[in-house]
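Residue-level structural notes
Residues per chain, in single letters:
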Amino acid sequence: AQKITQTQPGMFVQEKEAVTLDCTYDTSDPSYGLFWYKQPSSGEMIFLIYQGSYDQQNATEGRYSLNFQKARKSANLVISASQLGDSAMYFCAMREGVTGGGNKLTFGTGTQLKVEL
Amino acid sequence: ETGVTQTPRHLVMGMTNKKSLKCEQHLGHNAMYWYKQSAKKPLELMFVYSLEERVENNSVPSRFSPECPNSSHLFLHLHTLQPEDSALYLCASSLSFPGGTSMREKLFFGSGTQLSVL
């Protein structure tokens, strides 16, 4: 079974609109961390936001926020006020604390986001 | 500039060639990683080094040989590759080798080497 599932291979959003990128995860580990990375066409993966399984509040970093629904095992990324520079591939990833030894980052297949004028 | 530099950016090689990928990090990090990114597949962790010691080797074929001479440099030596090895190879680093309470340890990636095996 896949640990991280991103069901949207591609998404389009109008500039200045908000967009939600979906991510569901599968783990029985009580301690885990969830990450979102952005990969523009240049290739490098850029860290966006982190959510810990014990964090009481949803993470926010500027225009990025994470809609963390623990019971549903989902960690959707919300980008507000989209900009043309947000066009990129977005990856959700998880690190498991106990079963995964806390050291392996498992990635999903990614969502290609295109921001249009 | 992320602080992690990979060379070359593009590499085309035949199946009988020997080549090396280089990664250098200027962040003072102690852990370095090699990932393979193939189209429509999740990133695959290949190797992890912590303080120049290999701590993880995820069943990678022996035609890939990593080397970490110091905490700032990481190499991936390639020989007798197969066409299915064509992919983007990403290097990453982190301040420490994550585990236990350091769950939020994030990775810093380079721009990758796009490898084509003919």
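Residues numbered from 1 in each chain as written. Chains lettered and ligands numbered in written order. Predicted model: local features only at pLDDT ≥ 70, side-chain atom pairs only at ≥ 80, totals over all residues. Heavy atoms only, no water.

This paragraph deals with the nonpolar core. When a protein is soluble and globular, its nonpolar side chains tend to lie buried together. Counting 46 residues, the largest nonpolar core has Trp-36, Leu-77, Tyr-90 and Phe-107 of chain A together with Tyr-35 and Phe-109 of chain B as the members making the most contacts within it. For this core, the element with the most residues is strand β10 (residues 88-96) of chain A, which contributes seven residues. Once you skip the residues sitting within four places of it in the chain, Tyr-90 of chain A turns out to touch Gln-6, Leu-21, Trp-36, Tyr-37, Lys-38, Leu-48, Leu-77, Ile-79, Gly-110, Thr-111 and Leu-113 of chain A. Among the nonpolar cores identified, the runner-up in size contains 22 residues, and Met-46, Leu-74, Tyr-89 and Val-117 of chain B belong to it. (Core = buried A, V, L, I, M, F, W, Y, C linked by side-chain atoms within 4.5 Å. Buried < 20%, exposed > 50% of the residue type's maximum accessible area, 1.4 Å probe, protein only. Helix = DSSP H or I, 4+ residues; strand = E, 2+ residues; numbered from the N terminus. Contact = heavy atoms within 4.5 Å.)

Applying the stated criterion across every chain yields a total of two disulfides over all chains. The side chain of Cys-23 of chain A participates in a disulfide bridge whose partner is Cys-92 of chain A; the two sulfur atoms lie 2.0 Å from each other. Taking the sign of the S-S torsion, -65 degrees for the link of Cys-23 of chain A and Cys-92 of chain A, the bridge is left-handed. Within this pair, whereas Cys-23 of chain A is found in the loop between β3 (19-21) and β4 (24-25), its partner Cys-92 of chain A is found in strand β10, the two being separated by 69 residues in sequence. The residues Cys-23 of chain A and Cys-92 of chain A share a single accessibility class, namely buried. There is a disulfide in this structure between Cys-23 of chain B and Cys-91 of chain B, and the S-S distance comes to 1.9 Å. Negative torsions about the S-S bond denote left-handed disulfides, and the value of about -75 degrees found for Cys-23 of chain B with Cys-91 of chain B makes this one left-handed. Within this pair, whereas Cys-23 of chain B is found in strand β3 (residues 18-25), its partner Cys-91 of chain B is found in strand β9 (residues 87-94), the two being separated by 68 residues in sequence. Classification of Cys-91 of chain B as buried rests on a relative accessible area of 0%. With no disulfide partner, Cys-68 of chain B has as its closest neighbouring cysteine sulfur the one in Cys-91 of chain B, 9.1 Å distant. (Disulfide = S-S within 2.5 Å.)

By themselves, these observations are geometric and do not establish any function.
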